[in-house]
Amino acid sequence: MSRSLLSWSGGGARLTLALGGDEPVALLSLRPAHAPAAPPGDAPGVPLVEVLALGHGRFPGSHRYADTVVGRRLHHTGHTESRAETPAGRVGELRVEQADPVTGLTATSVFRAVEGVPAVRTWTELALAGEGEVRIQAVTSAVTGAFLADSGLPLEEFDLLYGDCDWVAESRWHRVPLREAGLPQTDPAAHHHASRSRFALTSRSSWSTGEHLPTGAVVARDGSWALAWQIEHNGAWHWEAGETMAGAYVALLGPTDAEHQWSTAVTAGRGFTTVPVSLAVAAGGGADGGGPDGALAALTRQRRALLRGRAPGGTPPLPVVFNDYMNTLMGDPTTERLLPLVDAAAGAGAEYFCIDAGWYDEDGHWWDSVGEWRPSATRFPGGLAEVTDRIRAHGMVPGLWLEPEVVGVRSPLARRLPEEAFFRRRGERVVEHGRFHLDLRHPAATAHLDSVVDRLVGDFGTGYLKLDHNIMPGAGTDTGGAAPGEGLLEHNRAHLAWLDALLERHPGLLVENCASGAMRMDYALLSRLHLQSTSDQQNPLLYPPIAAAAPASVLPEQAGNWAYAQPEMTDGEAVFTLAGGILGRLYLAGRLDRMDAGRLGLVREAVAVHRALLPEIARALPLWPLGLAGPPGPWVATGLRVPPPDGGAGGDVLLTVWRRPGAPAALELPVAPLRGADAAPETVFPSPRGTGAADWPLEWDARRGALRLTCPVPAPAARVIRLRRR
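All values reported here derive from a predicted model rather than from experimental measurement.

Each value, and the rule that gives it
- Residues numbered from 1 in each chain as written.
- Predicted model: local features only at pLDDT ≥ 70, side-chain atom pairs only at ≥ 80, totals over all residues.
- Heavy atoms only, no water.
- Helix = DSSP H or I, 4+ residues; strand = E, 2+ residues; numbered from the N terminus.
- Rg over C-alpha atoms; globule rule 2.2 N^0.38 Å.
- Buried < 20%, exposed > 50% of the residue type's maximum accessible area, 1.4 Å probe, protein only.
- Contact = heavy atoms within 4.5 Å.
- Lys, Arg positive; Asp, Glu negative; His and termini not counted.
- Charge placed at Lys NZ, Arg CZ, Asp CG, Glu CD.
- Pairing = 2+ DSSP bridges.
- Polar contact = N/O pair within 3.5 Å; in protein donor to acceptor, adjacent residues only side chain to side chain.
- Axes fitted to C-alpha atoms, helices over the stretch in contact; angles between N-to-C directions.
- Salt bridge = Lys/Arg side-chain N within 4 Å of Asp/Glu carboxyl O.
- Phe/Tyr/Trp six-rings, centres within 6.5 Å; stacked < 30°, edge-to-face > 60°.
- Lys NZ or Arg CZ within 6 Å of the ring centre and 35° of its normal.

**Things to note about the overall build of the chain**
In terms of helices and strands, the chain carries 15 helices and 40 strands. Here the C-alpha radius of gyration of the chain, 26 Å, is about what a compact globule of 726 residues would show, namely 27 Å. Its C-alpha atoms give the chain principal-axis dimensions of about 80 × 70 × 45 Å. Every one of the 726 residues in the chain was classed for burial, and the buried ones make up 62%. Summarising the internal contacts of the chain: among those between residues at least 6 apart in sequence, 68% fall at separations of at least 24. Counting 66 positive and 80 negative side-chain charges, the chain places the averaged centre of each group 2 Å from the other.

**Concerning the sheet that holds strand S27 (residues 435–437)**
Taking strand neighbours across the sheet as the criterion, the three strands line up as S23-S27-S26 in an open arrangement whose pairing is antiparallel. Only two strands of the sheet have a single neighbouring strand rather than two, namely strand S23 (406–408) and strand S26 (431–432). Sheet analysis places S26 next to S27, joined by two bridges and oriented antiparallel. Across the sheet, residue Val431 finds its bridge partner in S27, namely Phe436.

**Structural notes on the side chain of His469**
When you line up the elements, His469 lands in the loop between strand S28 (464–467) and helix H12 (484–505). The exposure class of His469 is buried, given its relative accessible area of 0%. Engagement of the side chain of His469 in a polar contact is seen with the side chain of Ser206, the distance being 3.0 Å. A polar atom in the side chain of His469 sits 3.1 Å from the backbone oxygen of Ile471. With residues up to four places along the chain from it excluded, the contact list for His469 reads Ser206, Trp207, Glu403, Glu405, His437, Cys514, Ala515, Ser516 and Arg520.

**A closer look at the sheet that holds strand S37 (residues 679–685)**
Reading across from one edge, S33-S34-S35-S40-S37 is the order of the five strands in this open sheet, with antiparallel pairing throughout. The sheet is open, and its two edges are formed by strand S33 (621–623) and S37, each paired on a single side. Pairwise comparison of adjacent strand axes, ignoring direction, gives a mean angle of 25° for this sheet. Where strand S35 (residues 652–659) and strand S40 (residues 717–725) come together, seven bridges link them in antiparallel fashion.

**Notes on the pattern of salt bridges**
Using the criterion set out here, one finds 47 salt bridges in the structure. Here Asp500 and Arg528 are joined by a salt bridge, their closest N and O atoms 2.8 Å apart. One end of the pair, Asp500, is in helix H12; the other, Arg528, is in the loop between strand S29 (510–513) and strand S30 (531–533), and 28 residues separate them in sequence. The exposure class assigned to Asp500 is partly exposed, which follows from its relative accessible area of 30%. For Glu616, the salt bridge goes to Arg722, with nearest N and O atoms at 2.8 Å. Of this pair, Glu616 sits in helix H15 (residues 597–617) while Arg722 sits in strand S40, and the two are 106 residues apart along the sequence. Look at Glu616 and you get buried, because its relative accessible area is 17%.

**Describing the pairing of strand S5 (residues 75–86)**
As judged from the 11 bridges shared by S5 and strand S6 (residues 89–99), these two strands associate in the antiparallel manner. Bridge pairing links His75 to Ala99 in S6. Between S5 and S6, which pair antiparallel and follow one another directly, the connecting turn spans two residues.

**Describing the side chain of His610**
Looking at where His610 falls in the secondary structure, it is placed in helix H15. What His610 contacts, discounting residues up to four positions off in sequence, is Val320, Gly581, Ile582, Gly584, Arg585, Leu586 and Ile617.

**Looking at the packing of aromatic side chains**
The tally for this structure, following the rule as stated, stands at 18 aromatic pairs. Between the aromatic rings of Tyr360 and Trp366, the centroid separation amounts to 5.4 Å while the plane-to-plane angle is 80°, which identifies the pairing as edge-to-face. Consider the rings of Phe422 and Phe436, whose centres lie 5.7 Å apart with planes at 65°: the pair is edge-to-face. Of this pair, Phe422 sits in the loop between helix H10 (413–416) and strand S24 (424–425) while Phe436 sits in strand S27; the two residues are 14 residues apart in sequence, bridging distant segments of the chain. Comparing Phe422 with Phe436, the two get one shared label, buried. What links up through ring pairs into an aromatic cluster is the set Trp359, Tyr360, Trp366, Trp367, Trp373 and Trp401. Here the basic side chain of Arg58 rests over the ring of Tyr65, its NZ or CZ set 5.4 Å away from the ring centre. Note that Arg435 overlies the ring of Trp367, its terminal NZ or CZ placed 3.5 Å from the centroid.

This is how it looks when you write it as structure tokens:
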């Protein structure tokens, strides 16, 4: 059979696949709909699906998820196309089927694309035709080297963009040439195969972003082309970039045997589906450009499509939430402390009030005794309802903190639930940091959690839950004979099913995604939940780089940046922390109950400005005038490009600029989307008439596309600025 090309468009993106012949299916091209078709080239392309199976392995051998023997044997057996109207818009689906004649495995690659979005969502479905079983050790959700053929540039002209993440040090991005990242120049012809090296990132256990971000990009250095991706999984994953005889590639996977102790058996009656991933593409001739900002703008459009697909009733509300934890009560709430805060938060304009950790604590030692989630009688002598009633009396919605997947080792619940309802290894319960981990595959575990949430909603009118997760239980659980990583993956999927059922049962409930700040900042969870805590960082001087980088991983309207102004701060310090929340989701905290009228007025102004901007934030696309990657400097800046309501060209740019100690007084800020445009800069927050709001001279240079500003006050200082297109 001769090799043929299949061109398919899902609306905003067009892909080209190589089919037939003696080669496995390859994704040769992924282009925005506006870009001209790429020439097919002569290279066969890297296999779209790689399958590492016990007894088959790789050839040549390596640590990489490339050159698998099963993947090399796969051949095209058919494909189907369909279209459907969905809440996300018009969605196209392409299913491409391959088979391995030796093992009997079939691999179906599923692509879905939403009209107008320059991205595809894809995954792999494995099945077995025939008797016996095949033990799978890894299978890719997608593999492609399309960025090289599409751009027409050599690998040497591409940089890799990737992110690290840690508790209170989230979203640290890096940019490095691909050749320096682990793809060295060799002589494949002389040695009969390419280098076996790779650049790889792996996230382990139950924190999907506990070490690295599941988002990355390859970016042409001249800004003409970029391919970005995200792995949409709430557990362990792996991605890598490498080079084979067929070309350079990026491979995206969920858990694997080598990295995560994961394997699974595929039989005629039991298939396997990989975790989904999204691939987004940006070209220099498009509205978003082709550099890192363009690539992450394309992913931003894809994330909104994912949310629309799960919100048939429309976009969820975007309220201003006050939370009593960060730099405020810090897990020590009582009726006496909360009531003044409730009154003050209402006066500042908050619409929801969340009581954070500690509301269930009787003796001050709650960490290893949690699990039943019943209000403390000592903290709330008149009952928790006294506080939640006060919240509702102000017209606000009450919320509660909850850590559903853990049970403290001292909790009575740890003795009531069956052994199989907990993570176990070799018959022993997994213990981490004084907690057991529930296994949500077991009906007793989910029944317990359902009863807890139903009680909190029914008894207290809870309309907001902050769901936290503060432990990592290792590789997983082997209950039921599974490999530990397989047990973890099944639990991860049961967790998502529990959330889906919860939100269907309580459709008005808003749910925040939190795991020690942002340790599970992934779009398996964020396609379902409403708000993402971006950090647990308590030092306001260290928060700006985190808030600035958050939109690379999270939609701006989901990025809950803490704004914890305090009575003892200077006006400049209060503006500095409040400004960080205005262009995301302003997550309000601080001792509002101890503030004088001037300071409370500044908080009230920040809330009002944020609320007025939310409709624009919810359709805006992120940009980083000083760059996303690299160590943050004393000046930090982030921005949003706001398309007109009709979605056409043009629009304003919103900027948040922080001056940290050590920064010079003057700054020139490149704003590429407005280069050549007549624009008027104006300060949005704080008001020039407000407390301590000295004017910052602003000057727009249209020819160079640069905003020149001067900060006449000592650091720390910050401003939110609009560049209004005229």
